[in-house]
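# Working through the structure, step by step
The residues making up each chain are set out below.
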Amino acid sequence: LATYPLYDLEVLYQYQGRLDESWEYFSQAANVYEQIGYQGGLSAALLNLGVLKDRRGDFDAAIDYFEKARIISERIGEELAISYTEFSLGATYYKMEDFRKAESYLKNAYKRMKRINAKGYFGYVFAFLSSLYSSLHNCEYAVRIAYLHVQNMKKINSDVENGRTYLSVARALSLCQDLS
């Protein structure tokens with residue numbers, strides 16, 4: 001329990017762009033979680049260390065952290081954590097322009113999220129899938145995914161999701177319009 005304030009601080013630092021401090025605290029949390037055997041916390045800390053590597057453009061290291069987090073999440077049966085690591089892998093492969101792997105991980109993440117009814121997380125996947133299909137000039141799929149994104153946004157009614165959704169729709173429509 002003593003690590004929860006530490007975890008809040010590391011997340012705050014990450015969102016403030018204080019990546020070095022965030023790295024330090026997530027690393028400390030990972031060490032503590034490993035020492036006390038708290039696998040769920042260790043998986044979350046590793047996932048966030050991967051996010052920090054991704055944000056710095058060190059995609060290979062990010063993938064290593066995401067894979068470690070996924071393995072732990074699978075071992076403890078934490079479905080939401082598994083789906084989020086799959087999403088993170090897909091997003092990172094997208095940034096690496098390995099669209100085949102990106103699509104596979106993103107689709108798996110969506111299927112798992114759908115199975116566990118994690119609608120609040122669909123937007124992450126929809127945004128990257130729509131961008132992926134736009135990048136591949138598959139406008140029909142890009143717009144179809146953007147449409148699903150809008151439908152999900154209406155169901156969950158979240159301001160954050162609204163912004164993510166409209167950016168996804170605008171990107172799909174913009175790229176597809178450029179091709180016509």
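Treat the numbers as computed from the prediction; the structure is a model and nothing was measured.

## Focus on the packing of aromatic side chains
Evaluation of the coordinates by the stated rule reveals 15 aromatic pairs. Judged by centre distance (5.5 Å) and plane angle (50°), the ring pair of Tyr84 and Phe87 falls under tilted. One end of the pair is Tyr84 and the other is Phe87, both in helix H5 (residues 79-95) and 3 residues apart, which spans about a single turn. Assessed through its relative accessible area of 7%, Phe87 is described here as buried. Plain terms: the ring middles of Tyr121 and Tyr124 are 6.0 Å apart, the flat faces sit at 35° to each other, and that makes the pair tilted. On the criterion of helical spacing, the pair formed by Tyr121 and Tyr124 is a turn pair, its members being 3 residues apart in helix H7 (residues 119-135). Exposure remark for Tyr121: the relative accessible area of 31% places this residue in the partly exposed category.

## Concerning the packing of helix H3 (residues 39-55) against helix H4 (residues 59-76)
For the pair H3 and H4, interaxial distance at closest approach is 8 Å and the crossing angle is 160°. Classified by the angle their axes make, H3 and H4 are roughly antiparallel. When you trace H3 past H4, the crossing you get is left-handed. Residues Gln39, Gly40, Leu42, Ser43, Leu46, Leu47, Leu49, Gly50, Val51, Lys53 and Asp54 of H3 lie in contact with H4, whose contacting residues are Phe59, Ala61, Ala62, Tyr65, Phe66, Lys68, Ala69, Ile72, Ser73, Arg75 and Ile76. When its residues are assigned to classes, the contact of H3 with H4 shows 13 nonpolar, 5 polar and 4 charged.

## A look at the nonpolar core
Core analysis: the biggest nonpolar cluster contains 43 residues, and Leu46, Phe87, Met113 and Val125 have the highest contact counts within it. Looking at this core, the elements that each hand over two or more residues are helix H2 (19-36), H3, H4, H5, helix H6 (99-115), H7, helix H8 (139-156) and helix H9 (159-179). Broken down by element, this core gets its largest block of residues, 7 residues, from H6. Setting aside its immediate chain neighbours within four residues, Met113 contacts Ser83, Tyr84, Phe87, Ala118, Tyr121, Phe122 and Val125.

## Points about the confidence of the model for the protein chain
Of all residues in the protein chain, 84% attain a pLDDT of 70 or more, and the chain-wide mean is 84. By mean pLDDT, the top-scoring element of the protein chain is H4 (97), and the lowest-scoring one is helix H1 (residues 3-15) (49). Segment residues 1-7: pLDDT under 50, and 10 contacts once partners within four positions in sequence are set aside and those in other chains are kept.

Reading the values: the criteria
- Residues numbered from 1 in each chain as written.
- Predicted model: local features only at pLDDT ≥ 70, side-chain atom pairs only at ≥ 80, totals over all residues.
- Heavy atoms only, no water.
- Phe/Tyr/Trp six-rings, centres within 6.5 Å; stacked < 30°, edge-to-face > 60°.
- Helix = DSSP H or I, 4+ residues; strand = E, 2+ residues; numbered from the N terminus.
- Buried < 20%, exposed > 50% of the residue type's maximum accessible area, 1.4 Å probe, protein only.
- Axes fitted to C-alpha atoms, helices over the stretch in contact; angles between N-to-C directions.
- Parallel < 35°, antiparallel > 145°, perpendicular 65-115°, else oblique.
- Left-handed = near helix turned anticlockwise from the far one by under 90°.
- Contact = heavy atoms within 4.5 Å.
- Nonpolar A, V, L, I, M, F, W, Y, C, P; charged D, E, K, R; others polar.
- Core = buried A, V, L, I, M, F, W, Y, C linked by side-chain atoms within 4.5 Å.
- pLDDT = per-residue confidence, 0-100.

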